[in-house]
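Each chain, letter by letter, is given below.
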Amino acid sequence: MGSFGDDLRKERVTRGVALEDITAVTKISRHHLLALEQESFRQLPGGILNKGIVRGYAGAIGLDQEDWTQRFLLAYSASGQIIDDDRNWTEFASNVGRARLLRRDQQEIRVRWLGALLLLAAVSAGAFLVVRYYGIRAGWWPHVLPFTHVPAQTSPSESRESRFVASSGSFSA
């Protein structure tokens, strides 16, 4: 088994696929495809994009994408051309995925608590109305929350007239 780039080029040539055909299908530049075949990994864009280029190349000529991606990663790390930033891409991608899951879980928990509080408020309001209804019908509700009736204030002249009419016993028509 030869090197990664040689094997990739041999597979392409034996299948009769030109680099321009791969470029037309995948929209990957010819420059990047040649960099893969020549194992000039520093000319590739880096990070997770490199894996996408390998997957696109392998898929365009009918190879197993997972197998060739693994072979690329081995060749890339063995070449010594790996950039320090590239070492962290996998960790970065997993952290992004983990952060999205945590954010979604937190939102789900908030929605659950909000639903529980709304349900509690509805049940409490319903219980209050039921107790009040039966309390009024049974006659004990006014004793629980006594209703204080404040008589309306009357003017002094009205109170004298009403006393006079009441004391004289006369009725006016």
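In the block above lies the structure referred to throughout.
Residues numbered from 1 in each chain as written. Predicted model: local features only at pLDDT ≥ 70, side-chain atom pairs only at ≥ 80, totals over all residues. Heavy atoms only, no water.

1. Considering the overall build of the chain
Then step 1. Counting secondary structure elements, the chain contains nine helices and zero strands.
Then step 2. Counting every position in the chain, which comprises 173 residues, the buried fraction comes to 20%.
Then step 3. Sequence-distant contacts in the chain: of pairs separated by 6 or more residues, those separated by 24 or more amount to 55%.
Then step 4. With an accessible surface of roughly 12,800 Å², the chain has 60% of that area assigned to carbon and sulfur atoms. (Helix = DSSP H or I, 4+ residues; strand = E, 2+ residues; numbered from the N terminus. Buried < 20%, exposed > 50% of the residue type's maximum accessible area, 1.4 Å probe, protein only. Contact = heavy atoms within 4.5 Å. Areas by Shrake-Rupley, 256 points an atom, 1.4 Å probe, with all protein chains shown as cover.)

2. Quick look at the pattern of salt bridges
Then step 1. With the rule as written, the count across this model stands at six salt bridges.
Then step 2. Among the salt bridges present, the one from E37 reaches R12, with a minimum N-O distance of 2.6 Å. In this pair, E37 sits in helix α3 (residues 30-37) while R12 sits in helix α1 (residues 4-14), placing the two residues 25 residues apart along the sequence.
Then step 3. According to the relative accessible area criterion, E37 is buried, its value standing at 7%.
Then step 4. Between E20 and R30 there is a salt bridge; the shortest N-O distance is 2.8 Å. Of the two residues, E20 is situated in helix α2 (residues 19-26) and R30 in helix α3; the sequence distance between them amounts to ten residues.
Then step 5. The exposure class of E20 is partly exposed, given its relative accessible area of 45%. (Salt bridge = Lys/Arg side-chain N within 4 Å of Asp/Glu carboxyl O.)

3. Quick word on a nonpolar patch on the surface
Then step 1. A contiguous nonpolar patch, built from V130, Y133 and Y134 and spanning about 330 Å² of accessible area, is present on the exposed surface.
Then step 2. With respect to the element layout, Y133 can be found in helix α7 (residues 89-138). (Patch = residues over 30% accessible without salt bridge, like charges linked within 9 Å, V, L, I, M, F, W, Y side chains within 5 Å.)

4. Overview of the environment of R112
Then step 1. Residue placement: R112 occurs in helix α7.
Then step 2. Looking at R112, its side chain comes within polar contact range of the side chain of E108, at 2.8 Å. (Polar contact = N/O pair within 3.5 Å; in protein donor to acceptor, adjacent residues only side chain to side chain.)

5. Comments concerning the packing of α3 against helix α4 (residues 48-61)
Then step 1. One can describe the packing of α3 onto α4 by two numbers: an axis separation of 11 Å at closest approach and a directional angle of 90 degrees. When the axes of α3 and α4 are compared, the pair comes out roughly perpendicular. Where α3 abuts α4, its residues H32, L33, L36 and E37 lie against I53, V54 and Y57.
Then step 2. Of the residues assigned to the contact of α3 with α4, the class counts are five nonpolar, one polar and one charged. (Axes fitted to C-alpha atoms, helices over the stretch in contact; angles between N-to-C directions. Parallel < 35°, antiparallel > 145°, perpendicular 65-115°, else oblique. Nonpolar A, V, L, I, M, F, W, Y, C, P; charged D, E, K, R; others polar.)

6. Description of the packing of aromatic side chains
Then step 1. Under the criterion given, the structure shown has six aromatic pairs.
Then step 2. Ring centres of F4 and F72 lie 5.7 Å apart, and the angle between their planes is 55 degrees; this geometry places the pair in the tilted category. With F4 in helix α1 and F72 in helix α5 (residues 65-79), this residue pair connects regions lying 68 residues apart in the sequence. (Phe/Tyr/Trp six-rings, centres within 6.5 Å; stacked < 30°, edge-to-face > 60°.)

7. Side note on the environment of E11
Then step 1. In this structure, E11 sits in helix α1.
Then step 2. According to the relative accessible area criterion, E11 is partly exposed, its value standing at 26%.
Then step 3. The spacing of E11 and I61 is 50 residues in sequence and 8.0 Å in space, taken between C-alpha atoms.
Then step 4. When residues no more than four places from it in sequence are discounted, the contact partners of E11 are I61, L63 and W68.

8. Here's the deal with α3
Then step 1. For α3, the set of buried residues is L33, A35, L36 and E37.
Then step 2. Check the buried side of α3 and you find it contacts α1, α2, α4 and α5.

Keep in mind these numbers describe shape, not what the thing actually does.
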